[in-house]
Amino acid sequence: MTDEELFLALADAAEPLPVGDAAKLRLRAALDADPYLPFSSELARHFDLPAEDVRALLRKIDDPEFWIRDVSPMHGHLDFTPGPSLRPLHGGFARMLSGMRIQKHRHVHRELTYVLSGTLSDGEREYGPGEFIDMPEGSVHEVVVPEGKEALVALLSGRIHLLP
Amino acid sequence: MAPLEDPPDVASASDAELAERARRGDRAAFGELYDRLAPALFRVATSFFRDEARASDLVHDVFLEAWEHVREYDAARAPFRTWLLLRLRSRALDRLGRAEARLTEPLDEPAMERRHTGAPDADSRLAVRCALRSLEADVRAVLERRYVGGLTAREIAESDGIPIGTVKSRLSRGLASLSVTLRDEEERG
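Owing to the predicted nature of the structure, the values given are computational and were not obtained by experimental measurement.

Peer 1: Which residues make up the overall build of chain A, and what are the values?
Peer 2: The helix and strand tally for chain A stands at four helices and 11 strands. Relative to its length of 164 residues, chain A is extended, with a C-alpha radius of gyration of 20 Å against a globular reference of 15 Å. The buried share of chain A, reckoned over its 164 residues, is 32%. Of the contacts made within chain A by residues no fewer than 6 positions apart, 61% connect residues no fewer than 24 positions apart.

And the structure:
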């Protein structure tokens with residue numbers, strides 16, 4: 001048995017000690033201030049950005065001041081510049097309305113869609129928070145937001161051609 | 001794939017289900033995990049820091065760090081509680097300036113031969129837990145200070161104002177008792 005295993009055995013045997021309400025409120029306030037924090041590492045990797053920059057961007061998401069509204073077919077978007085290895089691709093968060101459909105299109109450039117909340121469907125499967133759709137150059141798909149809940153996504157995108 | 005239906009109430013979900021929901025950014029699920037597991041972590045934190053404010057800060061920081069890294073959690077490797085406890089141990093030893101103690105060296109006390117190359121199975125854990133609960137309070141306290149709090153025998157002696165020989169004697173008795181328990185468990189298994 002290692003020290004670590006003994007530690008776990010002793011910890012298992014110890015009587016829990018209640019935490020106070022102040023500690024619970026403190027933790028909840030911290031979670032509310034950083035609701036998308038679990039996705040920061042993966043976004044930093046996908047968008048070639050420092051983790052601290054991504055954390056700062058994620059804290060802006062729920063502040064309407066930073067959003068550009070009523071951009072069809074999105075509900076709104078918040079732009080940012082991806083890291084140097086991904087330029088000239090465009091980066092941004094987008095809110096997509098429940099039931100929204102982006103018709104079939106071909107990607108001139110790579111596109112990566114990372115889901116932060118809600119669900120997206122590409123007709124073959126659904127993607128929930130923490131999942132992403134990575135479309136290479138020349139690929140074709142359509143995207144639907146299933147009825148019931150708005151989707152919030154991070155997008156790395158370039159030009160597309162809409163198809164009939 | 002994300003579920004289409006509304007998720008079940010957090011109160012009726014298992015820790016594993018809550019952890020999976022937390023991996024998808026569900027704050028309510030993570031909050032429920034805090035409500036369930038923070039008291040166990042707080043208890044362990046007070047073994048590292050007798051000052052309750054420092055212990056409370058440690059638990060808060062460990063949960064916040066776990067929220068940031070929850071997508072790295074792998075349920076196939078350990079229960080969520082174990083994942084949190086090991087994070088807490090690591091952070092506590094860092095704060096105490098004992099990073100070297102994080103290395104999981106086998107015990108060097110002669111009464112405790114290394115019997116497991118991997119994590120002990122559930123039966124062994126249960127047996128160890130029972131053995132720990134059957135120990136005299138002062139023996140168990142010294143084991144906790146040594147293996148949960150990360151103190152050396154000399155530091156325990158100085159901190160608790162007892163002779164170092166007494167500390168070593170209690171450690172030896174506690175480890176011998178655990179050793180017997182594990183041997184019996186091994187023979188039964």
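And the narrative resumes.
Peer 1: Let's hear about the overall build of chain B: which residues, and what values?
Peer 2: What chain B contains, in helices and strands, is eight helices and zero strands. Secondary structure elements of chain B occur, N-terminal to C-terminal, as α-α-α-α-α-α-α-α. Each of the 189 residues in chain B was classed as buried or not, and the buried ones make up 35%. In chain B, the share of contacts with a sequence separation of at least 24, taken over all contacts with a separation of at least 6, comes to 59%.

Peer 1: Would you mind going over helix α1 (residues 15-23) of chain B in detail, with residue names and values included?
Peer 2: For α1(B), the set of buried residues is B:Leu18, B:Ala19, B:Arg21 and B:Ala22. Seen end-on, α1(B) carries its buried residues on one side only, within an arc spanning 160°.

Peer 1: Break down the interface of chain A and chain B for me, with residues and values.
Peer 2: Tallying the contact residues gives 41 residues for chain A and 49 residues for chain B. No other element matches the 11 residues that helix α1 (residues 3-13) of chain A contributes to the side of chain A that touches chain B. Partitioning the side of chain A that touches chain B into residue classes produces 25 nonpolar, six polar and 10 charged.

Peer 1: Run through the sheet that holds strand β5 (residues 111-117) of chain A, naming residues and quoting values.
Peer 2: Residue and element names in this part refer to chain A. Pairing is antiparallel in the open sheet, where six strands are placed in the order β1-β2-β3-β10-β5-β8. Each edge of the open sheet is held by one strand with a lone partner, namely β1 (68-69) and β8 (132-135). With two bridges joining them, β1 and strand β2 (residues 76-80) adopt antiparallel strand pairing. What sits directly across from Arg69, in β2, is Gly76.

What counts as what
Residues numbered from 1 in each chain as written. Chains lettered and ligands numbered in written order. Predicted model: local features only at pLDDT ≥ 70, side-chain atom pairs only at ≥ 80, totals over all residues. Helix = DSSP H or I, 4+ residues; strand = E, 2+ residues; numbered from the N terminus. Rg over C-alpha atoms; globule rule 2.2 N^0.38 Å. Buried ≥ 20, exposed ≤ 12 C-beta atoms within 10 Å, placed from the backbone. Contact = placed C-beta atoms within 7 Å. Arc of directions from axis to C-beta. Nonpolar A, V, L, I, M, F, W, Y, C, P; charged D, E, K, R; others polar. Pairing = 2+ DSSP bridges.

So far we have only geometry, and geometry alone does not tell us how the molecule works.
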